[in-house]
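Understanding the architecture of this molecule
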Amino acid sequence: MSESNAGVVSRVPWARATLRLPAAPVVLPLWEVAAIALLTPLLLSLAIWNGFPFTFYDTGAYILQGFANFFVPERAAAYSYFLRFAGAQNSLWWVAATQTAIVAFVMVEFVRTEAPQTSLWRLLGIGAFLCLFTSIGWVSPEIEPDCFTAVVVLTAWLLGFRARQLGWLRSILLIAASGLAIASHPSHLGLAAGLVLLMASYAAVSYNRAALLRANPLLPLVSFALGIGLVLTANYALTKHVFLTRSGPVFMTARMIEDGVAKRVLDDTCPGSGFVLCRYKDHLPKTADDFLWEPPSPFNKMGRFRGSAREAQAIMMQGFARYPLREAGAMLWNGARQFLMFRTGDGVASQLWVLGTEFRNFLPRQMKAYSLARQQREAFSFVLLNIVHVGLAALALFALAALVWNGMKRRAWKEITLPGFILLALLGNALVCGATSGPHDRYQGRLIWVPVFVVILTGGSTLLSLRRREESGT
């Protein structure tokens, strides 16, 4: 800075204060801890404005399962136990704070390895920007496992590509965070499995090739095994049986009803199959959500998840056997739709009518604060917000694709590994969720802040350098 510029800056109070701030690179342990400690309340800020952690329609089922020891097939038992151990009965703020602290920790470790000279102040600025202009501030403090989808992706990258920079202590903590995240939602099992296979394939291709970034799928595999173990343990604790899921075939069959495959199976096999749905085959609900959640649905007459599991599995298997191409096409189409559906606010509405019973029975001291929260008293509109959120997310996806494309043209394979990994993770999440449960904005919306974060942190300077290189003709 020139002497004249320094003199001008010294006469501006806020500028003088800025000059006195320490550099505070988060790569140093002191500022690393400070970053986690300050980023956590920043991610909680929208919940603080709301007056209570955000809730979703499923929140009550997790509470019931966690505190009544009542197995709910369609909800991850591991997340219910997380609620219990994180102090939900005393205050759901403990749960929201724990979730945001985990997200903050993973973000800081990502920054330390990908942009090690980033200062505490820049990281906090990025965090504030993400809270305002992406979904992170809505999903992180929500009493729902959605915040852990991003944790699955970012920890897979860190453990697979950056374990040496992290060291053993941070790696252990990230494995623990990843295991919890994987166990917290059934879709995370599929996403994590896909990421482990992706890294194993990449490791095989990149072995002894200096032009490629080295990958080690061992630690991601350990975290995946931990997640599987937590799922099996939690399910056994509630049922005394060992299994991964009892609701997966039901969700698949509901999606097949929406896509028309289930109707074809019933037309082919009824009445000989003896399926309960045979009597309703000409009057099936139009959508998967109608089949699963609407009161007049035949699903309720079948005994819901507990009574329909075997029949759903049989219909699902018949669908794959009889119409494999049609079913594959439906899964790919739903995955493609899901990839482009990521609006913020899906399901953020008043939950008093559906969660009141669980709060009164298990969290009575929190009922007043819960009922007075903005979410319960006001009708949130996300129309204007999503103009910004969706637009920015689309730009981030385009930027990642541009980085990959330009890197491929220059054969700069190391440069495209991270943006390529993030794009493939987004695609994998879309395929898993769209193919199994049908597309919903929240499934991709809970992860869409990650490309924005990555582009801001690492992609901006690369895009500028590419533009300068193109303008100079080199």
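The model shown is predicted, which means the values in this text are computed figures rather than measured ones.

Conventions we followed
Residues numbered from 1 in each chain as written. Predicted model: local features only at pLDDT ≥ 70, side-chain atom pairs only at ≥ 80, totals over all residues. Heavy atoms only, no water. 1 Å grid on protein atoms, 1.4 Å probe; cavity = no way out; pocket = protein on both sides within 12 Å on 5 of 7 lines; lining within 4 Å. Points joined across faces, edges and corners; volume = space filled by probe spheres on them. Helix = DSSP H or I, 4+ residues; strand = E, 2+ residues; numbered from the N terminus. Nonpolar A, V, L, I, M, F, W, Y, C, P; charged D, E, K, R; others polar. Phe/Tyr/Trp six-rings, centres within 6.5 Å; stacked < 30°, edge-to-face > 60°. Buried < 20%, exposed > 50% of the residue type's maximum accessible area, 1.4 Å probe, protein only. Patch = residues over 30% accessible without salt bridge, like charges linked within 9 Å, V, L, I, M, F, W, Y side chains within 5 Å. Areas by Shrake-Rupley, 256 points an atom, 1.4 Å probe, with all protein chains shown as cover. Salt bridge = Lys/Arg side-chain N within 4 Å of Asp/Glu carboxyl O. Lys, Arg positive; Asp, Glu negative; His and termini not counted. Charge placed at Lys NZ, Arg CZ, Asp CG, Glu CD. Disulfide = S-S within 2.5 Å.

Glancing now at the layout of surface pockets. By rolling a water-sized probe across the atoms, one finds the places where empty space is left. A volume near 330 Å³ is recorded for the second largest pocket. Around the second largest pocket, the lining comprises 13 residues; the ones closest to its centre are Gly160, Arg164, Arg214, Ala215 and Asn216. Of all the secondary structure elements, the ones that give two or more residues to the lining of the second largest pocket are α10 (148-161), α11 (163-183) and α12 (186-206). Considering only residue class, the lining of the second largest pocket consists of 7 nonpolar, 4 polar and 2 charged.

Under the definition given, this model contains 29 aromatic pairs. With 5.6 Å between their ring centres and 80° between their planes, Phe71 and Phe243 make a pair best called edge-to-face. Here Phe243 lies in the loop between α13 (218-239) and α14 (248-259) and Phe71 lies in the loop between α5 (59-68) and α6 (77-85), a separation of 172 residues in the sequence. Exposure remark for Phe71: the relative accessible area of 7% places this residue in the buried category. A centroid spacing of 5.1 Å and a plane angle of 40° characterise the contact between Phe291 and Phe299, whose relative ring orientation is tilted. For Phe291, a relative accessible area of 3% puts it in the buried group.

Together, Glu258, Asp289, Asp290 and Glu294 make up a region of like negative charge exposed at the surface. Within the secondary structure, Asp289 sits in helix α16 (residues 288-293).

Quick look at the state of the cysteines now. For the coordinates displayed, the defined rule picks out 1 disulfide. Here Cys270 engages in a disulfide with Cys278; their sulfurs sit 1.9 Å apart. One disulfide, between Cys270 and Cys278, carries an S-S torsion of -80° and so falls in the left-handed class. Overall, Cys270 belongs to the buried group, its relative accessible area being 15%. For Cys278, a relative accessible area of 16% corresponds to the buried category. Left without a disulfide partner, Cys131 is nearest to the cysteine sulfur of Cys147, which lies 13 Å away.

This next bit is on unusual backbone geometry. Following Cys270, the chain continues into Pro271 via a peptide bond in cis, with omega recorded as 5°. Phi is positive for Asn69, which is not a glycine, with a value near 50°. Along the chain, Asn69 turns up in the loop between α5 and α6. We note that Lys240 has phi near 65°; this positive angle belongs to a residue other than glycine. Examined against the element boundaries, Lys240 turns out to sit in the loop between α13 and α14. On the basis of relative accessibility, which here comes to 56%, the residue Lys240 falls in the exposed class.

Time to look at the pattern of salt bridges. Under the criterion given, the structure shown has 19 salt bridges. Close ionic contact of Lys281 with Asp267 constitutes a salt bridge, the shortest N to O distance being 3.1 Å. Of this pair, Lys281 sits in the loop between α15 (261-269) and α16 while Asp267 sits in helix α15, and the two are 14 residues apart along the sequence. Under the relative-accessibility criterion, Asp267 is labelled partly exposed at 36%.

So yeah, pure geometry; function would need other evidence.
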